[in-house]
Amino acid sequence: MDQQKRQDLNLRLGNLILAIFLATVPTAITYGTLSIHGLNICRNLSSKVNQSNKIKVNCDEAVWETTKSYIVLIGFFITLPTWMWFYLSMKKKSN
């Protein structure tokens, strides 16, 4: 592997690690926001339906399961643009 390709690979990997680290906060904020939104929907639904306690418990469980299933996707879509932005700015600086 020639020197330029090696530097490019190191730049990509380093920026990916940095982007993953920096994307944890926005990912956590998005996860929390979606969870709160879902719990609000459950609360509103339980106030309009009979047997509201049973519905609220089931709805709350469904909210957490659904939000957990999207955590990787949320992280990916936050990390990818961050990584590309870091990579392109660092590549421009190195040239």
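Cut-offs and rules
Residues numbered from 1 in each chain as written. Predicted model: local features only at pLDDT ≥ 70, side-chain atom pairs only at ≥ 80, totals over all residues. Heavy atoms only, no water. Axes fitted to C-alpha atoms, helices over the stretch in contact; angles between N-to-C directions. Helix = DSSP H or I, 4+ residues; strand = E, 2+ residues; numbered from the N terminus. Parallel < 35°, antiparallel > 145°, perpendicular 65-115°, else oblique. Left-handed = near helix turned anticlockwise from the far one by under 90°. Contact = heavy atoms within 4.5 Å. Nonpolar A, V, L, I, M, F, W, Y, C, P; charged D, E, K, R; others polar. Buried < 20%, exposed > 50% of the residue type's maximum accessible area, 1.4 Å probe, protein only. Disulfide = S-S within 2.5 Å. Salt bridge = Lys/Arg side-chain N within 4 Å of Asp/Glu carboxyl O. Patch = residues over 30% accessible without salt bridge, like charges linked within 9 Å, V, L, I, M, F, W, Y side chains within 5 Å. Areas by Shrake-Rupley, 256 points an atom, 1.4 Å probe, with all protein chains shown as cover. Expected span 1.5 Å × (residues − 1). Arc of directions from axis to C-beta.

A. The arrangement of the packing of helix α2 (residues 24-48) against helix α4 (residues 71-94) in detail. α4 packs onto α2 with a crossing angle of 135° between their chain directions and a minimal axis gap of 9 Å. In terms of their interaxial angle, α2 and α4 are classed as oblique. Where α2 crosses over α4, the two elements pack in a sense that is right-handed. Listed contacts from α4 to P26, T27, T30, Y31 and L34 of α2 are I71, I74, G75 and I78. Split into classes, the residues belonging to the contact of α2 with α4 amount to six nonpolar, three polar and no charged.

B. Structural context of the side chain of T79. Position of T79 relative to the elements: it lies in helix α4. You can call T79 buried: its relative accessible area is 13%. Contact partners of T79, with chain neighbours within four places excluded, come to A19, I20 and A23.

C. Layout of the state of the cysteines. Tallied over the full model, the rule gives one disulfide. There is a disulfide in this structure between C42 and C59, and the S-S distance comes to 1.9 Å. On the sign convention where negative is left-handed, the bridge of C42 and C59, at about -80° about the S-S bond, is left-handed. Highlighted residues: C42 in helix α2 and C59 in helix α3 (residues 52-69), separated in sequence by 17 residues. Overall, the relative accessible area of 1% leaves C42 in the buried class.

D. Representation of the pattern of salt bridges within the structure. Evaluation of the coordinates by the stated rule reveals two salt bridges. Across the pair D8 and R12 runs a salt bridge, and its minimum N-O distance is 3.3 Å. You can see D8 and its partner R12 sitting in helix α1 (residues 3-22), four residues apart, about one turn around the helix. Judged by relative accessible area, which is 36%, R12 ranks as partly exposed. A salt bridge links D60 to K56; its shortest N-O distance comes to 3.1 Å. You can see D60 and its partner K56 sitting in helix α3, four residues apart, about one turn around the helix.

E. Spotlight on a nonpolar patch on the surface. A cluster of nonpolar residues, Y70, L73, F76, F77, L80, M84 and L88, forms a patch on the protein surface that exposes about 670 Å² of accessible area. Tracing the chain through its elements places M84 in helix α4. For M84, a relative accessible area of 33% corresponds to the partly exposed category.

F. Quick look at α1. Across its 20 residues, α1 extends 28 Å between first and last C-alpha, which sits within 8% of the 28 Å expected from 1.5 Å per residue. Every buried residue belonging to α1 is among D8, L11, N15 and A19, and all of these are buried. The buried residues of α1 occupy an angular sector of 60° when the element is viewed end-on, so they sit on one face. Exposed and oriented more than 90 degrees from the buried face of α1 are Q3, I17 and F21. On its buried face, α1 is in contact with α4.

Taken by themselves, the reported measurements are silent on function.
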